[in-house]
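In case you want the letters, here they are:
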Amino acid sequence: MIRLIVSFFVFIVDVVYGNRSYARFYVLETIARVPYFSYLSVLHLYETLGFWRRADLLKVHFAETWNELHHLLIMESLGGNRYWGDRFLAQHVAVAYYWVVVLLYVLSPMYAYYLMELIENHAYHTYDDYLNAHAAALKTQPAPQVAIEYYRDGDLYMFEEVQTTTGGTFRHPQVDNLYDVFLNIREDECAHVKTMEVLQEPDARQSFYSPHTVFTAAKALPIDAEL
Ligand SMILES: [Fe+2]
Ligand SMILES: [Fe+2]
């Protein structure tokens, strides 16, 4: 089942959109961010029903969907969503995918995270290949304003919040040109893969904390030690 979903995703992104890069990335980002919304929906429902509560998971999954939203906005600013047919396909697949992942997350959070690990890993390699093939041209083009705001000039809290495995030190990359932007997106996808791996560990529901929770706790430690 997991392999089937991933194969369908790869078919659309690699085969249908193989030679139209920005439209391809637009479709990829529209579909690939949906699982975070599915996770949030189920976790929110559990909270509402009083079953279970973990604020850190909600916080990080929201930051991840916020991160993917900015990838999407960057692709839109580059013209990836120009054609009605591309928007129609991406949005309809996204709606169907939402419900599939909701069901999967209810049945098995571990498999739902494994699915996302595979999708994010594919996204990482898609951007890595693109960077290697177009490095020189990308370095001559300006970074979209939305990327400059998200990665450098805006409030960086949400960007830091997806960096769950850096141990409280945050990546603050440069955004001088379009190459930097795609490099940053690729590194975001890498961070998503790592987070999905961590969340598949058996005790993840108890042991997982958001980066800012860890960072704040680390800063508070010396004060506690004095008491
Ligand atoms: Fe992305
Ligand atoms: Fe991602």
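Only a predicted model underlies this, so the values are computations on that prediction, with no experimental measurement involved.

Engineer: Tell me what's going on with the overall build of the protein chain, and back it up with residues and numbers.
Structural biologist: Tallying secondary structure elements over the protein chain gives eleven helices and zero strands in all. Against the compact-globule benchmark of 17 Å for 227 residues, the protein chain has a radius of gyration of 18 Å, which places it among compact chains. Across its three principal axes, the protein chain shows a C-alpha extent of roughly 60 × 40 × 25 Å. Counting only residues that meet the buried cut, the protein chain has 33% of its 227 residues in that class.

Engineer: Tell me about the UniProt feature "transmembrane region" (unreviewed entry) in the protein chain, residues and numbers included.
Structural biologist: What UniProt calls "transmembrane region" (unreviewed entry) maps, in this numbering, to residues 96-116. Here residues 96-116 is 95% helix and 0% strand, with 16 Å between the C-alpha atoms at its ends.

Engineer: Describe the packing of helix 2 (residues 21-32) against helix 4 (residues 55-77), listing the residues and the values that go with them.
Structural biologist: Running from amino to carboxyl end, helix 2 crosses helix 4 at an angle of 155 degrees, the nearest separation of the two axes being 9 Å. Comparing their axes, helix 4 and helix 2 come out roughly antiparallel. The two elements helix 2 and helix 4 meet at a crossing, and its hand is left-handed. For the pair helix 2 and helix 4, the contacting residues are Tyr-22, Phe-25, Tyr-26, Glu-29, Thr-30 and Ala-32 in the first and Glu-68, His-71, Leu-72, Met-75 and Glu-76 in the second. Within the contact of helix 2 with helix 4, the residues separate by chemical class into six nonpolar, two polar and three charged.

Engineer: I'd like a description of the nonpolar core, backed by residues and values.
Structural biologist: Counting residues in hydrophobic clusters, the biggest one holds 45 residues, and the most contacted among them are Tyr-26, Val-27, Ile-31, Ala-112, Ala-147 and Val-181. Looking at this core, the elements that each hand over two or more residues are helix 2, helix 3 (34-48), helix 4, helix 5 (84-107), helix 6 (109-139), helix 7 (145-153) and helix 9 (178-199). With eight residues, helix 9 is the largest single contributor of residues to this core. Apart from the residues lying within four places of it in its own chain, the contact partners of Tyr-26 are Leu-72, Met-75, Glu-76, Gly-80, Asn-81, Asp-86 and Ala-90.

Engineer: Run through the environment of Arg-24, naming residues and quoting values.
Structural biologist: Note that Arg-24 resides in helix 2. Note on Arg-24: 21 C-beta atoms within 10 Å, which makes it buried. Along the primary structure Arg-24 and Ala-137 are separated by 113 residues, whereas in three dimensions their C-alpha atoms are 18 Å apart.

Engineer: Describe helix 5, with residues and values.
Structural biologist: Helix length check: helix 5 (24 residues) gives 35 Å between terminal C-alpha atoms against 34 Å at 1.5 Å per residue, within 8%. The complete set of buried residues in helix 5 reads Asp-86, Ala-90, Tyr-97, Val-101, Leu-104 and Tyr-105. Where the residues of helix 5 are buried, they touch helix 2, helix 3 and helix 6.

Engineer: Now, about the environment of Ala-90: what can you tell me, with residues and values included?
Structural biologist: On the secondary structure map, Ala-90 appears in helix 5. With residues up to four places along the chain from it excluded, the contact list for Ala-90 reads Tyr-26, Val-27, Thr-30 and Ile-31.

Engineer: Can you lay out the confidence of the model for the protein chain for me, pointing to particular residues and giving the numbers?
Structural biologist: For the protein chain, per-residue confidence averages 88 on the pLDDT scale, and 93% of positions sit at 70 or higher. Under a pLDDT of 50 for its full length, residues 222-227 has, in the predicted model, zero contacts with residues more than four places off or in other chains.

Engineer: Go over the environment of Leu-118 with me, naming the residues and quoting the values.
Structural biologist: Residue position: Leu-118 is located in helix 6. Residue class for Leu-118 comes out partly exposed when judged on the 18 C-beta atoms lying within 10 Å of it. Counting along the chain gives 44 residues from Leu-118 to Ile-74, while the straight-line C-alpha distance between them is 23 Å.

Engineer: Lay out the packing of helix 3 against helix 5 in plain terms, naming residues and giving numbers.
Structural biologist: How two helices sit against one another is set out by the angle between their axes and by the gap between those axes. One way to put it is that helix 3 packs onto helix 5 with a least axis distance of 8 Å and a crossing angle of 45 degrees. Between helix 3 and helix 5, the crossing angle belongs to the class labelled oblique. Crossing hand, helix 3 versus helix 5: right-handed. In contact with Val-34, Pro-35, Phe-37, Ser-38, Tyr-39, Ser-41 and Val-42 of helix 3, helix 5 contributes Ala-94, Tyr-97, Tyr-98, Val-101, Val-102, Tyr-105 and Val-106. Here the contact of helix 3 with helix 5 is built from residues that sort into twelve nonpolar, two polar and no charged.

Engineer: Let's hear about helix 6: which residues, and what values?
Structural biologist: Of all the bends in helix 6, the greatest, near 65 degrees, is centred on Ala-133. If you check which residues of helix 6 are buried, you get Ala-112, Tyr-113, Leu-115, Met-116, Glu-117, Ile-119, Glu-120, Ala-123, Thr-126 and Tyr-127.

About the thresholds
Residues numbered from 1 in each chain as written. Chains lettered and ligands numbered in written order. Predicted model: local features only at pLDDT ≥ 70, side-chain atom pairs only at ≥ 80, totals over all residues. Helix = DSSP H or I, 4+ residues; strand = E, 2+ residues; numbered from the N terminus. Rg over C-alpha atoms; globule rule 2.2 N^0.38 Å. Buried ≥ 20, exposed ≤ 12 C-beta atoms within 10 Å, placed from the backbone. UniProt positions renumbered as here; feature names shortened; annotations may be inferred. Axes fitted to C-alpha atoms, helices over the stretch in contact; angles between N-to-C directions. Parallel < 35°, antiparallel > 145°, perpendicular 65-115°, else oblique. Left-handed = near helix turned anticlockwise from the far one by under 90°. Contact = placed C-beta atoms within 7 Å. Nonpolar A, V, L, I, M, F, W, Y, C, P; charged D, E, K, R; others polar. Core = buried A, V, L, I, M, F, W, Y, C linked by C-beta atoms within 7 Å. Expected span 1.5 Å × (residues − 1). pLDDT = per-residue confidence, 0-100. Bend = angle between axes of the 7 residues up to and from the residue.

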